[in-house]
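# Coordinate analysis (summary)
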Amino acid sequence: MAPQRAWIRADSSIQIGGGHVMRCLALADELRRCDVEAAFLCVDLPGNLSWLARSAGYQVEWVGTVRSGSDAERWDADADACSAVAGLGDGDWLVVDHYGLDQRWETAMRSRFHRILAIDDLADRSHDCDVLLDQNRIGERTKDYSNLIKPACKVLSGPGFALLSRQYLEWRRKQAPREGRLRRVLVFFGSADEENHTQTALEGIALWGRAVEVTVVIGAANPNLQSIEAQCLGMASAQLHVQTTEMARLITEADCAIGAAGSSTWERCCLGLPSLLAVCAANQEIVAETAAAQGVAHNMGLARELTPESYAAQLECLSATVLKDMEARSRVLVDGKGAMRLAEELLR
């Protein structure tokens with residue numbers, strides 16, 4: 001029986017970032033095209049992006065506000081709150097994309113949802129789900145889940161399932177190959193970038209000293225907005241975009257990206273953009289490792305250990321040959337159809 005609705009449990013905030021909500025929005029859009037409406041279950045956290053789901057016409061239900069205690073201590077309260085809002089949906093899917101929720105929460109939700117999709121990329125906790133998606137692991141690394149799921153659980157893995165908005169596929173179809181020249185650099189460290197790695201990267205570009213255009217993207221919740229704005233004004237050719245809806249176009253226009261090794265890595269790959277990746281959080285380590293192993297990006301390591309000199313040195317290594325090779329490999333690795341593939345799996 002085809003599901004009528006998909007309930008999506010995902011959060012976003014200044015600390016969490018926006019990756020969970022953004023990739024779930026991409027899935028929701030594909031399900032909507034298949035006449036399955038999605039609704040979001042979110043906690044009202046500072047700097048959350050739930051308004052993006054509402055602006056796209058999706059139902060958003062609050063299942064709590066900021067609470068004390070660890071995730072492990074409040075999973076049961078979270079399950080109760082979600083159950084009270086979602087109601088009974090025997091044929092519906094429950095999608096959970098949340099590092100603080102695990103097998104206990106999923107098992108508690110089984111009484112209302114018989115089919116559960118867990119989106120994960122940490123492989124650090126057990127799951128009680130029918131399908132598990134990790135868009136960051138590839139090859140042997142998918143075995144990281146061997147002892148964390150039940151034998152009947154279907155595992156979907158790798159950037160081929162990267163959950164990207166349909167706009168990336170549309171821009172990919174009309175995009176011309178790059179020339180291998182480094183004329184415009186895109187800087188994006190996620191929607192929040194609380195530690196302000198953006199500023200260090202911009203200092204590195206200035207230290208590098210080449211005459212390049214710089215496109216800087218930050219989220220509206222970025223606590224360093226004013227200082228970044230001032231820094232961009234002080235550069236010869238820098239444009240600042242706050243909470244842009246045109247990321248695909250900006251990626252297409254760039255020749256190289258500097259940024260966090262988050263979900264946006266696969267957006268850049270879809271459009272063939274070579275990247276210098278900095279690991280800003282534990283869940284980004286596997287992304288940086290996979291991207292570097294596939295030859296689509298350089299893994300610069302932990303962002304907190306990088307200096308302006310680090311960025312300048314990495315930029316100096318990007319020859320025309322390197323850029324063209326990374327572009328070709330990127331486009332092969334990610335074709336932009338991951339959300340479509342996942343939606344098809346859920347509707348079988």
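In what follows, the structure referred to is the one given above.
Please read all numbers here as calculations on a predicted model, not as lab measurements.

## A short note on the pattern of salt bridges
Taken as a whole, this structure holds 30 salt bridges when the rule is applied. A salt bridge links Asp 134 to Arg 137; the nearest nitrogen and oxygen atoms lie 2.8 Å apart. When sorted by exposure, Asp 134 lands in the same class as Arg 137, which is buried. Two residues, Glu 345 and Lys 154, come together in a salt bridge whose shortest N-O distance is 2.9 Å. Here Lys 154 lies in strand E7 (residues 154–157) and Glu 345 lies in helix H13 (residues 338–346), a separation of 191 residues in the sequence. What emerges from the salt-bridge pattern is a single network uniting Asp 134, Arg 137, Arg 141, Asp 144 and Glu 289.

## Some remarks on the pairing of strand E6 (residues 131–134)
The alternating pattern of E6 places Val 131 and Leu 133 on one face and Leu 132 and Asp 134 on the opposite face, and all of these are buried. In this structure, strand E5 (residues 115–119) lies alongside E6, joined through three bridges in parallel fashion. The residue bridging Ala 118 from the neighbouring strand is Leu 132, located in E6. Strand direction decides the pairing type here: E6 and E7, joined by four bridges, are parallel. Within E7, the residue paired with Asp 134 across the bridge is Ser 157.

The rules behind these values
Residues numbered from 1 in each chain as written. Predicted model: local features only at pLDDT ≥ 70, side-chain atom pairs only at ≥ 80, totals over all residues. Heavy atoms only, no water. Salt bridge = Lys/Arg side-chain N within 4 Å of Asp/Glu carboxyl O. Buried < 20%, exposed > 50% of the residue type's maximum accessible area, 1.4 Å probe, protein only. Helix = DSSP H or I, 4+ residues; strand = E, 2+ residues; numbered from the N terminus. Pairing = 2+ DSSP bridges.

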